[in-house]
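Working through the structure, step by step
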Amino acid sequence: MGIFSKLFSKPLDEISSPAAGEVVPVTDVNDPTFSEEMLGKGIAIRPSEGKVVAPCDACVDMMFDTGHAVSLVADNGAEILIHIGLDTVNLKGKHYTVHAKSGDKVKKGDLLIEFDADAIAAEGYDTITPVVICNSADYKTVETLTGRTVAAGDPVIRLGK
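We now turn to the structure provided with this report. (Residues numbered from 1 in each chain as written. Predicted model: local features only at pLDDT ≥ 70, side-chain atom pairs only at ≥ 80, totals over all residues. Heavy atoms only, no water.)

Some words on the pattern of salt bridges
A side chain of one charge can pair with a side chain of the opposite charge when the charged atoms of the two come close. By the definition in use, this model includes seven salt bridges. Ionic pairing is found between D57 and K107, a salt bridge with its closest N-O pair at 3.8 Å. Placement of D57 in the loop between strand 4 (51–53) and strand 5 (58–63) and of K107 in the loop between strand 9 (105–106) and strand 10 (111–115) is noted, with a sequence separation of 50 residues between them. Taking the relative accessible area as the measure of exposure, D57 reaches 30% and is therefore partly exposed. Residue D75 pairs with K105 through a salt bridge whose shortest N-O separation is 2.4 Å. You can see D75 sitting in the loop between strand 6 (69–74) and strand 7 (79–83) and its partner K105 sitting in strand 9, a full 30 residues away along the chain. Shared partners join several salt bridges into a network, and the residues in it are E14, E143 and R158. (Salt bridge = Lys/Arg side-chain N within 4 Å of Asp/Glu carboxyl O. Helix = DSSP H or I, 4+ residues; strand = E, 2+ residues; numbered from the N terminus. Buried < 20%, exposed > 50% of the residue type's maximum accessible area, 1.4 Å probe, protein only.)

What follows is the structure in C-alpha cells.
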C-alpha cells in the first residue's frame, strides 16, 4: 500500500460476531432470503452456545416479540439483522429469552437474546444464525471473515465506505 492510499484510505468498520460458533458464508444458508442475499450481504454462524450479544455499539431498532430476531442500527450506520435459526418465528417465542427491547442503546458485548439451541433443534429447526448488513449497498466493500470458529466479539465483517 502506497503512502497516499495509507493517508487517504478510510478505516474499515468492524462488526463482531454476536455469538460463539463456526462462521460460514451467508450463501450457505438453506433459505433463499439469506443465501441469495435478498436482505443484504453478511455471514452466518452455527452457534455453539445459546447467547446473542450486540456485535457493536448500536441502537436496537426492532426486537421481535418472538425473540428469534433483532435488528440494530450501529453507531457507524450499519443496519444489522441477526436471525436466530430458520423459520423459527413459528416457535412463537418458545425457547427464547429476550434481554433488550426496541429503542435500547447497547454496547458491544451486551446480552440481547438467550436461546435453547438443543430444544430448537429437537423441534426440527436449523439454528444457523444469519448476520446480515441490510444496507450493504451503502458500502464500497463488505468483507466477510468466514471459515473459522469464533468467540462472541471476534470480528466477522469489515465494512468500507
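Anyway, onward from the coordinates.
Comments concerning the nonpolar core
The biggest cluster of nonpolar side chains holds 34 residues, and the ones touching the most others in it are I80 and L112. Ignoring any residue separated from it by four or fewer positions in sequence, one finds L112 in contact with V52, V53, A54, V60, M63, V70, L72, T97, V98, H99, A100 and V106. (Core = buried A, V, L, I, M, F, W, Y, C linked by side-chain atoms within 4.5 Å. Contact = heavy atoms within 4.5 Å.)

Quick look at unusual backbone geometry
The backbone of E37 sits at a positive phi, close to 55°, despite the residue not being glycine. Locating E37 in the fold gives a position in the loop between helix 2 (32–35) and strand 3 (41–47). Positive phi outside glycine occurs at D87, with the angle close to 60°. Inspection of the secondary structure assignment puts D87 in the loop between strand 7 and strand 8 (96–98).

Details of the environment of S136
Structurally, the position occupied by S136 is in the loop between strand 11 (129–133) and strand 12 (141–144). In sequence terms S136 and G40 are 96 residues apart; their C-alpha atoms lie 5.5 Å from each other.

Re the sheet that holds strand 4
Spatially, 4-10-8 is the arrangement adopted by the three strands of the open sheet, whose pairing is antiparallel. Bordering the open sheet on either side are strand 4 and strand 8, each of which pairs with just one other strand. Neighbouring strand axes in the sheet, compared pairwise and without regard to direction, differ in orientation by 15° on average. Bridge count between strand 8 and strand 10: three bridges; the pairing is antiparallel. Counterpart to T97 in the pairing with strand 10 is E114. (Pairing = 2+ DSSP bridges. Axes fitted to C-alpha atoms, helices over the stretch in contact; angles between N-to-C directions.)

Observations regarding the state of the cysteines
Throughout this description, disulfide means a covalent bond between two cysteine sulfur atoms. In the structure shown here, the tally under the stated rule is zero disulfides. Left unpaired, C56 is separated from the closest cysteine sulfur, that of C59, by 11 Å. (Disulfide = S-S within 2.5 Å.)

Considerations on the sheet that holds strand 14 (residues 155–160)
Read across the open sheet, the three strands follow the order 1-14-12; overall the sheet is antiparallel. Two strands lie at the open edges of the sheet, namely strand 1 (13–16) and strand 12, each paired on one side alone. Across this sheet, the average inter-strand angle for adjacent strands is 20°, counted without regard to direction. Relative to strand 14, strand 12 runs antiparallel, the two sharing four bridges. By the bridge assignment for strand 14, T144 is matched with I157.

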